[in-house]
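Per-entry structural report
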Amino acid sequence: MSRKNDDTAPISAKKFMDELWRYKQGSVSRRHFLSVTGLGMATAAMAGAMPMLAVSRSAYAGSIGDRVSMATWPNYFNPANFETFKKDFGAEVQVSVFGSNEEMLAKLQAGGTGWDVFVPTNYTISTYVELDLIQPLDLSRLPNFAEKYYTKRFIEPGTVDGKVYAVPKNWGTTGFVLNRKKVTSNPTTWKEFWDLSKTSATGRVMVHDYQLTTIGNALKYFGYSFNSVDPKELADAEKLLLDVKPHLFAINSDYQPSMRSGDAWMSVAWTGDGLQLNRDIPEIDYVLGKEGGELWSDFYAIPKGAPHLDAAYAFINFLIDPEINAKEVSVHGYPVPDTRTTELLPKEMTQNPIMYPAKELLDALEFGAAVTLTDPLRAEIMARFKAA
Amino acid sequence: MVEMINGAVDVEFQGVTKRFGDIRAVDNIDLEVSSGAFVSLLGPSGCGKTTSLRLIAGFEQPSAGDVRIGGASVVGVPPYKRPINMVFQNYSLFPHFTVADNIGFGLRQLKPRLSKSEITARVGEMLELVRLQGFEERRTWELSGGQQQRVALARALINRPTVLLLDEPLAALDRKLRQDMQIELQTLQRDVGITFVLVTHDQEEALSMSDTIYLMNEGRIIQMGGARDLYDEPINRYVADFVGKTNFFDGEVAEIKPNGAAIRLANGRVLYGRNPRGGVPLNRNAGGAIAVRPELIHIVKANGSACLTTDVQTTARVKNRIFLGEQTEYLVMAEGFGDILVLASKHAETVSGGFSPGDVVSIGWEDSSALALENTSKGDHSTAVPVPK
Amino acid sequence: MLLLPTTLWFLLLLVMPLVVIAVYSLGERAPAGGYQPALTLAQYANLLARLKAFTNTLTLAPLGTVICIVIAYPFAYYLAVKAGRGAKPFLLTLVIIPFWTSFLIRTYAWIYILGGQGIPRLLEMIGIEDYRLIYTPTAVLIGIVYGYLPLMVLPIYVSLEKLDKSLLEVSSDLGANPVRTFFQVTLPLSAPGLVTGSLLVFILLMGEYLIPALLGGGKVYFVGNALVDLFLQSRNWPFGSAVAITLVGIMLAAITLYLTLVGRDRGRQDVSVL
Ligand SMILES: Nc1ncnc2c1ncn2[C@@H]1O[C@H](COP(=O)(O)OP(=O)(O)OP(=O)(O)O)[C@@H](O)[C@H]1O
Ligand SMILES: [Mg+2]
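Residues numbered from 1 in each chain as written. Chains lettered and ligands numbered in written order. Predicted model: local features only at pLDDT ≥ 70, side-chain atom pairs only at ≥ 80, totals over all residues. Heavy atoms only, no water.

**Notes on the overall build of chain C**
To keep it simple, the criterion reads: Working definition: helices are DSSP H or I runs of at least four residues, strands are E runs of at least two. Numbering for both runs from the N terminus. Exposed residues in this analysis have more than 50% of their type's maximum accessible area, buried residues have under 20%, and partly exposed residues fall in between, with area computed by a 1.4 Å probe over protein chains only. Throughout, a residue-residue contact means that at least one pair of heavy atoms, one from each residue, lies within 4.5 Å. For the area figures, the Shrake-Rupley method with a 1.4 Å probe applies, and any residue is considered shielded solely by the protein chains shown. Only four residue types enter the tally: Lys and Arg on the positive side, Asp and Glu on the negative side; His and the chain ends are excluded. One atom stands in for each charge, and that atom is NZ of Lys, CZ of Arg, CG of Asp or CD of Glu.
Regarding its fold elements, chain C presents 12 helices and zero strands. Reported as C-alpha extents along the three principal axes, the dimensions of chain C are approximately 75 × 65 × 30 Å. Going through the 274 residues of chain C one by one, you find that 48% of them count as buried. A separation threshold of at least 6 residues defines the contact pool for chain C, and within that pool the share at least 24 residues apart is 70%. Carbon and sulfur atoms form 74% of the exposed surface of chain C, whose accessible area is close to 13,300 Å². Between the centroid of the 17 positive side chains of chain C and the centroid of its 12 negative side chains there is a distance of 3 Å.

The structure is reproduced here in structure tokens:
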């Protein structure tokens, strides 16, 4: 099932489309896109003809292989760390980014991803185990992982039936960002978020292209659980969504550009994006709905059939090294459930309420539930909402 | 648009020049085509024949001078407003139309619009004229070259133009078909009474078909006249060379005579020739040439029973013999003259019994059969004067 | 003899996937997504839930094709008939240059051009406030025309280039003014290029998902987007297959209709179209 990752092999139409899709989602760099699709072949051929131009393979090549491929989320890594990894271990990091767990699952179900490492969200891991798409971790190969440093509730979802399948990467919340210069009322609830979308902020609001958060926060309007799969409650949420749809600016998980350009005034958002936007444009704020919403944690895991298993272990172990991990956080702004790493973070971060919200706000949040990932009704409501 | 006056001049060029960048495709040409005439523009490739035709049709506008049709200037008038139609060199039939639709194209452009039945009737007449009845629904690529040619002709004639232009209409046909079509075209022209302007580089075609020939070179008209004028009275060496076959004997003008000149050849021999009608008298001590048509040279067995009494005589050796059916062509070599072409008629052959290569013969011609010509090979515009009749 | 392998390839490459999709479309979604065998028409009964995707596609794809024709034809005409020897290679290069960068990057550029900092900003300067382009059908249409224009220009250009220019002179010579010459000679003789270009653009547009996804912001939804969502998000393969089969059916019907209309007056002339 493993995909051939030979850069020089001619690319298949399907792979080209995959790459295009990944590229579209911002998951791969232009350079990677060009090299994988063969559009960079000219450069490669030139380098071949002039050996002094070719990049020499690291001395480590052969020990763990020359590449490691990871599926993760947008704006969720520090490219400088990947360079370090390449220098130290000789393996190049190839990244694909996704907009939703559903998409990630669909890819793994279809097979042939070629991924070595992927970043599932807490509530999806049990499903991956059920579908036999994930492999248990050999913790002896992850010396940087030590349970005692981690917050318990963020570790738990990685263990299914007593076996550890995933180690924590980051945790965070799902709230909304708003541009205070444009939205002058002071919304603090999801109810206000949705009502504003239909009224004074009409045409200026974005929601994720992701059923869990979009449907979940619509459910919150009515005070239902973020994870509800009750058909009656979902029917209410769908009605709200269809109601709001004509007022939306876009349904898109890539909301940073539109927020930055001022086209969008509000958007459902994750912690790190809120922090990144706020850091660059102070009038953009990150708000957690008082009714609650999602609390989540993401994990590093290895899919069944990972083509570069040694590289996968080396890479995960490298990324959870506190020093490296702190460098990750300094770029993406998502908190880490590992005290060793947190201690290394600057005060501006550890005291930032976007990263570490007040306790009463946190208490109202729920973890996503596994059932939402595969529930056909939620999937169909999301699709109908987009198709409307 | 333009009144057609019988007996009048249909097409007139007044000092027309057409430049393409640095090239003068047509260079200060005067030309008159009178109504009902069959005129040919004759000349080698690239001499400006097509350009002249396109100036008449309106596809080109003159860089200088005036183009007049039926007495009125048409400079700036687009082709579709001129009472002139053209048969294109490669016929250019519309591939998306049937034969009938091709022929009827011109009628369908008329205003007020003609009824369908009228169009069908007139297309039928044209098909009859070009003998293509029953081909109405054929597609153009299902026709032979000759049939395509006739469709193109019918298409150009159906609007009854004042002048019909034909650009090398027969060039793509084989010899036999070409000769048949030459006769057909002539008959047709007489029947429809339309002025024809034909472009050709084939001198035989021009000589056999047209009333008037304009012989062109490098954008200019060198000589204009009937077939006989050009053949019998070529005003310079270029014309004599282009029209029919001629023997030239080059030398220096030794003496000017009232109606001719004497020319001294390199071997010291002096030959006489008369001036062509309309030609320019030669200058003493300038270069010149004596031109003698091959059919005007007599040929007999040397020291045989028959002997020559012509003004010029010499012995020669037969190098080559070509049997042409009605005539036989000999290439002979005469000391001091070089190679000479001689045409013997069937009759003369019967008398002499014919010659074989290697035979020694006597040849000769009358001074009145020889022309004294300017040695120019181009022809100068100043010599392009009409031959007085 | 040579036909056999060709036919086999054809079956393998074109028909087999369709058969697989057709079989899927009669099945059911597995509990965790994907396909499980069944024999039901339930997926087809549910097609109305994607009606908007079909109506969007069936309006914007033909509209985009028509706009492409309207813009491409004069351009191709100029290129083939009027452009000078110097301008022609330059203009042709301009048509082809966009192919040097990925379609994606070019479409991405439009996000910024059509976004608040782009054209609407310029409009603001001349007093037109609050004009929204990005994530509207207009934006999608602009993206479509931009992306597909070369595919329309090139076949039309080729057929006009092949057109014997003396036919235009014949037409003029026989009394047709330029307008009549265009409609009686130029247009019918360039029809093969026009038909090829239109089919090419139309077929590709019917399956388009990238442009609506990027420039429609999930608000201008094509059947292509429905397919992506059904296969990649909901993992509802059977329903996705039913949508795909329906799309193929509509496409075949539309193409047949179009070719019949185009071919009706063409008589026996054999115009090879593709
Ligand atoms: N459109 C044009 N642009 C540039 N030069 C041209 C053009 N048309 C003709 N010429 C040049 O003008 C000269 C005369 O061309 P024209 O076609 O009139 O010759 P022609 O006598 O018809 O020759 P042919 O017997 O080969 O058809 C040639 O040197 C030709 O190259
Ligand atoms: Mg010519």
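That covers the picture; the talk isn't over yet.
**Focus: the site of ligand 1**
Residue and element names in this part refer to chain B. Basically, it comes down to this: Near is defined per residue: the residue qualifies when any heavy atom it owns lies within 4 Å of the molecule or strand. Polar contacts, as used here, are pairs of N or O atoms within 3.5 Å; protein pairs need one atom able to donate a hydrogen and one able to accept it. Residues neighboring in sequence count only if both atoms are side-chain atoms. Just so you know the grouping, Ala, Val, Leu, Ile, Met, Phe, Trp, Tyr, Cys and Pro go in nonpolar, Asp, Glu, Lys and Arg go in charged, and all remaining residues, Gly too, go in polar.
With respect to spatial proximity, the complete set of residues near ligand 1 consists of F20, I23, A25, S45, G46, C47, G48, K49, T50, T51 and E168. S45 is positioned with one of its side-chain polar atoms (N or O) 2.4 Å from an oxygen atom of ligand 1. In the environment of ligand 1, an oxygen atom lies 3.0 Å from a nitrogen or oxygen atom belonging to the backbone of G48. A total of 630 Å² of accessible area belongs to ligand 1 in isolation, and the protein chains cover 61% of it. Counting residues per element, the ones that place at least two in the shell around ligand 1 are β2 (23–34) and α1 (49–57). In terms of residue class, the shell around ligand 1 is made up of four nonpolar, five polar and two charged.

**What about the packing of aromatic side chains?**
Note the following rule: Only the six-membered ring of Trp is used, alongside the rings of Phe and Tyr, when aromatic pairs are assigned; centres must lie within 6.5 Å, and planes under 30 degrees apart are stacked while those over 60 apart are edge-to-face, with the rest tilted. Charge-over-ring placement is defined geometrically: NZ (Lys) or CZ (Arg) within 6 Å of the ring centre, and within 35 degrees of the ring normal.
For the coordinates displayed, the defined rule picks out 40 aromatic pairs over all chains. Where A:F118 meets A:Y128, the ring centres are 5.1 Å apart and the plane angle is 80 degrees; that geometry is what we call edge-to-face. Here the residue A:F118 occupies a position in strand β3 (residues 117–118), and A:Y128 occupies one in helix α6 (residues 125–130), the gap between them amounting to 10 residues. Given a relative accessible area of 0%, A:F118 falls into the buried group. For A:Y128, a relative accessible area of 0% translates into the label buried. For the pair A:Y221 and A:F222, a centre-to-centre distance of 5.1 Å together with 65 degrees between the ring planes defines the contact as edge-to-face. Under the relative-accessibility criterion, A:Y221 is labelled buried at 18%. Owing to a relative accessible area of 33%, A:F222 belongs among the partly exposed residues under this scheme. Its end group placed over the ring of A:F385, A:K245 keeps NZ or CZ at 5.9 Å from the ring centre. Of note, B:R108 hangs over the ring of B:F97, and the distance from its end group to the ring centre comes to 5.2 Å.

**Here's the deal with the pattern of salt bridges**
The cut-off we apply is this: Between Lys or Arg on one side and Asp or Glu on the other, a salt bridge is scored when a side-chain nitrogen of the former is within 4 Å of a carboxyl oxygen of the latter.
In total, this model carries 33 salt bridges over all chains according to the counting rule given. A salt bridge links A:D285 to A:R180; the nearest nitrogen and oxygen atoms lie 3.0 Å apart. Placement of A:D285 in strand β10 (residues 284–287) and of A:R180 in the loop between β6 (166–179) and α8 (190–198) is noted, with a sequence separation of 105 residues between them. Owing to a relative accessible area of 23%, A:D285 belongs among the partly exposed residues under this scheme. The shortest N-O distance in the salt bridge between B:R237 and B:D250 comes to 2.4 Å.

**A closer look at the sheet that holds strand β16 (residues 312–323) of chain B**
Residues and elements named next belong to chain B. Rule in force here: A pair of strands is treated as paired once DSSP finds two or more bridges between them. All axes are obtained by fitting lines to C-alpha atoms, using only the stretch in contact for helices, and the reported angles, taken between N-to-C directions, cover 0 to 180 degrees.
Judged by pairing direction, the sheet is antiparallel, and its five strands sit side by side in the order β15-β19-β16-β17-β18 without closing on themselves. Strand pairing shows two members of the sheet lacking a second neighbour, β15 (298–301) and β18 (338–345), which therefore form its edges. Each strand of the sheet is rotated relative to its neighbour by a mean of 45 degrees, with strand direction disregarded. Both β16 and strand β19 (residues 360–365) contribute to a ladder of six bridges, which runs antiparallel. What sits directly across from A316, in β19, is V361.

**A short note on unusual backbone geometry**
All names here are of chain B. That bond from K111 to P112 is cis: its omega, 0 degrees, falls within 30 degrees of zero. Note on placement: P112 falls in the loop between α2 (99–108) and α3 (116–129). Phi at Y91 takes a positive value of approximately 70 degrees, unusual for a residue other than glycine. Positive phi, normally seen in glycine, also occurs at R131, with a value near 55 degrees. One can find R131 in the loop between α3 and α4 (145–157). Look at R131 and you get partly exposed, because its relative accessible area is 48%.

**Quick look at the interface of chain A and chain C**
Here is the rule: Each of two parts loses accessible area, computed with a 1.4 Å probe, when they are put together; buried area is these two losses added.
Contact residues are listed per partner, giving 39 residues for chain A and 38 residues for chain C. Taking both partners together, chain A and chain C bury about 3,300 Å²; carbon and sulfur atoms supply 55% of that area. At the junction of chain A and chain C, the tally comes to three salt bridges. Summed over the shared surface of chain A and chain C, the result is 15 residue pairs in polar contact (both at pLDDT 80 or more). Counting residues per element, the ones that place at least two in the side of chain A that touches chain C are α1 (13–24), α2 (30–37), α5 (101–110), β8 (248–251), α11 (256–261), α18 (370–374) and α19 (376–387) of chain A. Per element, the largest residue contribution to the side of chain A that touches chain C is seven residues, and it comes from α19(A).

**Some words on the domain arrangement of chain A**
Residues and elements named next belong to chain A. Where we set the bar: The start and end points of each domain follow an automatic or database-based domain assignment.
Under the domain assignment used here, chain A contains domain 1 (9–171 + 296–349) and domain 2 (173–295 + 356–387). Contact with domain 1, which involves 26 residues of that partner, is made by 27 residues of domain 2. In total, about 2,200 Å² of surface goes out of reach between domain 1 and domain 2, with carbon and sulfur atoms giving 59% of it. When residues of domain 1 are sorted by the area they lose upon contact with domain 2, Y123, W171 and W296 head the list and together hold 31% of the total. One can count zero salt bridges joining domain 1 with domain 2. Connecting domain 1 to domain 2 are eight residue pairs in polar contact (both at pLDDT 80 or more). Elements supplying a minimum of two residues to the side of domain 1 that touches domain 2: α5, α6, α7 (152–155), β11 (293–301) and α14 (322–332). Per-class residue counts for the side of domain 1 that touches domain 2 are 11 nonpolar, 13 polar and two charged.

**Overview of the packing of helix α9 (residues 211–221) of chain A against helix α10 (residues 231–244) of chain A**
The angle between the axes and the distance between the axes are what describe a pair of packed helices. Residues and elements named next belong to chain A. Quick reminder of the rule: Should an angle lie under 35 degrees it is considered roughly parallel, over 145 roughly antiparallel, and from 65 to 115 roughly perpendicular; all remaining angles are considered oblique.
Here α9 crosses α10 at 100 degrees, and the two axes come no closer than 9 Å. The angle between α9 and α10 places the two elements in the roughly perpendicular class. Every residue of α10 that contacts α9 at T214, I215, A218, L219 and Y221 is listed here: E233, L234, A237, L240 and L241.

**Remarks on α5(A)**
Burial of α5(A) is extensive: eight of the 10 residues sit out of reach of the surface. Listed as buried for α5(A) are A:N101, A:E102, A:E103, A:M104, A:L105, A:A106, A:K107 and A:L108.

**What about the pairing of strand β17 (residues 327–334) of chain B?**
All names here are of chain B. Sheet topology places β16 next to β17; six bridges connect them, and they run antiparallel. Counted as the bridge partner of R317 is M333 from β17. Counting the residues between successive antiparallel strands, the hairpin from β16 to β17 contains three residues, one of them, G325, with a positive phi of roughly 90 degrees. Bridge count between β17 and β18: eight bridges; the pairing is antiparallel. Counted as the bridge partner of T328 is A344 from β18.

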